[in-house]
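Understanding the architecture of this molecule
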Amino acid sequence: MEILSMTQLLRILTAAVLLVVLSPAHAQLQFEVTGGSTGAQPIAIVPFGANDGVMDIAQVIEGDLVRSGLFFALPRTDMLEKPTEPKQIDHRNWKAVNMDNIVIGSVRRDPGSDRVAVRFYLFDVLRGEQRLGFEMPAAEPSQLRYTAHQIADLIFEKLVGIPGVFNTKIAYVASQGYGLDRKYALMISDWDGENPRTVATSREPLMSPQWAPDRKRLAYVGYERGRSSIYVHDVASGKVRKLVSEKGINGSPAWSPDGTKLAVTLSYESNPDIYVVDVATGAKRRLTQTEGIDTEAAWSPDGQSIVFTSERGGPPQIYRMTADGGSPTRISFQGRQNLRASYSPDGKNIALVNLDDNRYRIALLDVASGSMRLLSDGRFDEGPSFAPNGATVIYATQGPKGAELATVSTDGRVRQRLRQTGDVREPAWSPLQR
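First, a word on what this report is: a plain description of the structure on this page.

1. Section: unusual backbone geometry
One non-glycine residue, S252, adopts positive backbone phi at about 55°. Within the secondary structure layout, S252 lies in strand 14 (residues 250–255). For E296, which is not glycine, the phi dihedral falls at a positive 55°. Note that E296 resides in strand 18 (residues 294–299).

Here you go:
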């Protein structure tokens, strides 16, 4: 496999040679758990009572928990009873099928409206105790999937001890056609691939989507007549603002933790360097000045540091500097190249692309010790993005039928593929709902 230099990689990106082939109208992702945790907890999600033709909420909750790789759900056909109220539970029936926890619930329509209220309970089978019990706010039937995700989040956090990510979003890039007929789309879907929608379309490349901390905006790179620009898209209104459009490279936007600035790669003054752009005013401040290429910046969660890819010392490696542009220090040393760094939400780890043995793989760098551990095993894995709870990394990989998205837990035990009818790339996981 030919190893590309950073300069060659940037030329490829600038020329928009992206091997992505997918009809945006059919870009729905489908989860497939390819490796699970050996400590998966058994749980029973009983069908909720009085659905009255509305969505099967219990099925959505079960799907969320099972896709996390941390739970094994009892098939409905193996349930000895199907209670919908606490007083109906006979814990002996659930001990007989070796369940640790059960979830029951009911759905009711508000009198005089189409809104639906959902009540659910989580019970510890061994202790015979209620662990959770909530009545969720009434919602329109079309919003019940989000209610189900909220319930799954509550259950996950209670049983695992960290926030769930089932009510988050994923942004990704899809395209169809070849050559002059190629069309690109920036897509957003629920974390499980449901409800895909197109945010932007173009006959020229769309790249590098990044969520703002408020989850209300997306920054991305687009091209117009061969010239790149950095855009900010308001997700709710659909309004788009061209924030930066200098001569040369305009790339790799990364939001500051407070959402007021973007770190970007620009080349209009000399070589590609890291700049910080004020989102409100568009004012730019240059942070790096070297003869080598500096690109792919990412902020630390506390906003005090920025990591980036640089070839100032030879092959691309990860460097860190203070957010005001202090002297950079190299922090990656394992492998021939390290690129595309992304901080974990707690700032303790960095996900990156590691090149060694002619394979691009996702790795986890411990910030304190500098030790690195490989997470993926593909030949060309790219674009890592942390889940907002820090437990999982999403990335793009090569599947049997082309590029697809995949996730891996940070301990490497839980692996999943997000399959679809074509190729997708550039995944970005949204923050938690505020």
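2. Let's talk about the sheet that holds strand 10 (residues 206–211)
Across a sheet, paired strands are connected by hydrogen bonds in the backbone, their directions being either parallel or antiparallel. An order of 10-11-12-13 is seen for the four strands of this open sheet, with the pairing classed as antiparallel. Strand pairing shows two members of the sheet lacking a second neighbour, strand 10 and strand 13 (240–244), which therefore form its edges. Strand-to-strand, the axes of this sheet are offset by a mean angle of 30°, without reference to chain direction. With four bridges joining them, strand 12 (residues 227–234) and strand 13 adopt antiparallel strand pairing. Bridging from a neighbouring strand, V232 pairs with R241 of strand 13.

3. Focus: the sheet that holds strand 17 (residues 284–286)
Taken together, four strands build an open sheet; the order of strands is 14-15-16-17 and the sheet is antiparallel. For this open sheet the edge positions go to strand 14 and strand 17, each flanked by a neighbour on one side alone. Each strand axis lies, on average, 30° off the axis of its neighbour in the sheet, ignoring direction. Inspection of the sheet shows strand 16 (residues 273–278) paired to strand 17 by three bridges, in the antiparallel sense. For Y275, the partnering residue across the bridge sits in strand 17 and is R286.

Basis of the calculations
- For every chain, the first residue of its written sequence is number 1, and the numbers climb from 1 along that sequence.
- Whole-chain, interface and lining totals are the exception, using all residues; otherwise, since this is a predicted model, local features are given only for residues with pLDDT of at least 70 and side-chain atom pairs are given and counted only at 80 or more.
- Think of the side-chain values as coming from all heavy atoms in the structure, minus any hydrogens and water.
- Helix and strand definitions here come from DSSP, where helices need a minimum of 4 consecutive H or I residues and strands a minimum of 2 consecutive E residues; each element is numbered from the N-terminal end.
- Here, any two strands with at least 2 DSSP bridges between them count as paired.
- Axes here refer to lines fitted to C-alpha atoms; in helices the fit is confined to the stretch in contact. Angles between the N-to-C directions go from 0 to 180 degrees.

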